[in-house]
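# Structural features, examined
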Amino acid sequence: MKLTILMHNMAQIEQWLALYTKAAPKDFSRIKSVLDRLGHPELKTPAIHVTGTNGKGSTCRYIEQMAADHGYSTLLFTSPHLVTLTERIRHNKENIDEQAFIQLMNTVREHIEALNIPVMSYFEVLTLAFFIYAGQVTVDLLIIEVGIGGKKDYTNILPHAIRVITSIGRDHIPSLGKDEYEITDQKAGIMHEGDSMIVGEIQSEYLAIIQEKVDKYHGQLISYKMQPRMATPQLGFYQEWNARTAYAAFLTFTKENQLHFNMQTAIASIQATALPGRLELIAKQPATFIDGAHNISAIKALVKALTTTFTDRRIIIYYSSLDRKEIDASLHYLQDHSAIDLFVTTFDYEEAAKENDYLATTDAKFVNNWYDDYKKSAPANVDAVVVFCGSFYFISEVREKLQSEDIYENISNF
């Protein structure tokens, strides 16, 4: 069947997604039924499948850049987006063309309605869109970032891929489990028969769980520590872990597919990789960064990066989260550092935490309008370092607002 009413613009796409998608029970049969109907486009191209509590997006970007610099074409699926939905599907390092995306979403909707699928989740629909698009283009490599967890994530419908776990920490509790051991089991669930598993900086007790899963499925475990040391231009000591993890994944991909690999090219690629939303400088007076640190392990890494890089600077943090997140540990950790002035805030999103959500956790000053507060205080803080962190939806709003209203001439472009 063909759609009687086509969607013609991004606003109509967003409207349809808002009306159709719900928090549907996890069930792979829905997405599988569409892929069956299309002859399984997700199997057309070899893939690298990336999960982890933190570092997934950075690792995927490093892999994408290495592949491009080796002359290989790529299709990257990532989430969430910072500005527009088209960021979630990147073809050869460029967001999918808006008209191509609109056409793709009409195709997705057509197949969903033909099969009378009553409901899907938002992420499920976008994952399906990526796999359908993977069948429409010819590329050498799919790079796929897990949404949440691994075992029950809709990206895990892939029966074979090079699997990557970047890190293990506390996030998405209780949906992924009550502690890091259960979270590790969920993330190790991306392992399938015979796959290679690349691991980043992971504690030994969690590594043992991953090793058990790899042994069960007759695969091989490859540590980032086996790869050469390399400097990264991005702020954050943890970016070297992500870079070496990505290096290991891409090297394994080339070996398994009998493709060319050059160490010098790979390292140069890492040096050239841009990482939006990861300690990204968006203004210089005062030095203003955005970072997607939204769980305790990421907050600890962010604080270490800031306090070791800006040892003699005042550090101002605006933090905002979603109301479903565990925030106690993160806020207490931030408040314990005398070098950090912490402000908690909210933003224009239905699930954004509000003042009452913070009151039970912290006595940090609540700022209702982060933008007005930032503008008002900026002239007195030109020598400070300002960081907006927490939810990716929050830093997306920050990036869009600061870059759309010409506060300073030196605001960088994305």
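You'll find the structure just up there.
A short tour of the structure in this document, coming up. (Residues numbered from 1 in each chain as written. Predicted model: local features only at pLDDT ≥ 70, side-chain atom pairs only at ≥ 80, totals over all residues. Heavy atoms only, no water.)

## Side note on the packing of aromatic side chains
For the structure shown, the criterion picks out 24 aromatic pairs. For the pair Phe-289 and Phe-310, a centre-to-centre distance of 5.8 Å together with 50° between the ring planes defines the contact as tilted. Of this pair, Phe-289 sits in strand E10 (residues 287-291) while Phe-310 sits in the loop between helix H10 (296-309) and strand E11 (315-320), and the two are 21 residues apart along the sequence. Neither residue differs from the other here; Phe-289 and Phe-310 are each classed as buried. (Phe/Tyr/Trp six-rings, centres within 6.5 Å; stacked < 30°, edge-to-face > 60°. Helix = DSSP H or I, 4+ residues; strand = E, 2+ residues; numbered from the N terminus. Buried < 20%, exposed > 50% of the residue type's maximum accessible area, 1.4 Å probe, protein only.)

## Thoughts on empty space enclosed by the protein
According to the stated counting rule, one finds one cavity of 30 Å³ or more in the structure shown. Space inside the largest cavity adds up to approximately 30 Å³. Ile-316, Tyr-318, Tyr-374, Ser-377, Ala-378, Asn-381 and Val-386 together form the lining of the largest cavity. Looking at the lining of the largest cavity, the elements with two or more residues in it are E11 and helix H13 (370-377). Split into classes, the residues belonging to the lining of the largest cavity amount to five nonpolar, two polar and no charged. (1 Å grid on protein atoms, 1.4 Å probe; cavity = no way out; pocket = protein on both sides within 12 Å on 5 of 7 lines; lining within 4 Å. Points joined across faces, edges and corners; volume = space filled by probe spheres on them. Nonpolar A, V, L, I, M, F, W, Y, C, P; charged D, E, K, R; others polar.)

## Examining the pairing of strand E8 (residues 220-223)
The side chains of a regular strand alternate between the sheet's two faces. Sheet topology places strand E7 (residues 196-199) next to E8; four bridges connect them, and they run parallel. Counted as the bridge partner of Val-199 is Ser-223 from E8. Traced from E7 through helix H7 (residues 204-216) to E8, the parallel crossover comes out right-handed. (Pairing = 2+ DSSP bridges. Right-handed = clockwise from strand over helix to strand, strands pointing away.)

## Concerning the sheet that holds E8
The strand order across the open sheet built from eight strands is E4-E3-E2-E5-E1-E6-E7-E8, with neighbouring strands paired in mixed fashion. The open sheet has two edge strands, strand E4 (94-95) and E8, and neither has a second partner. Contacting strand E2 (74-77), strand E3 (89-91) and strand E5 (141-145), helix H5 (residues 122-136) crosses the sheet at an angle of about 175° to E2. Across the sheet, helix H8 (residues 238-256) lies against strand E1 (47-51), E5, strand E6 (162-165), E7 and E8, angled at about 160° from E7, the strand it touches most. (Contact = heavy atoms within 4.5 Å. Axes fitted to C-alpha atoms, helices over the stretch in contact; angles between N-to-C directions.)

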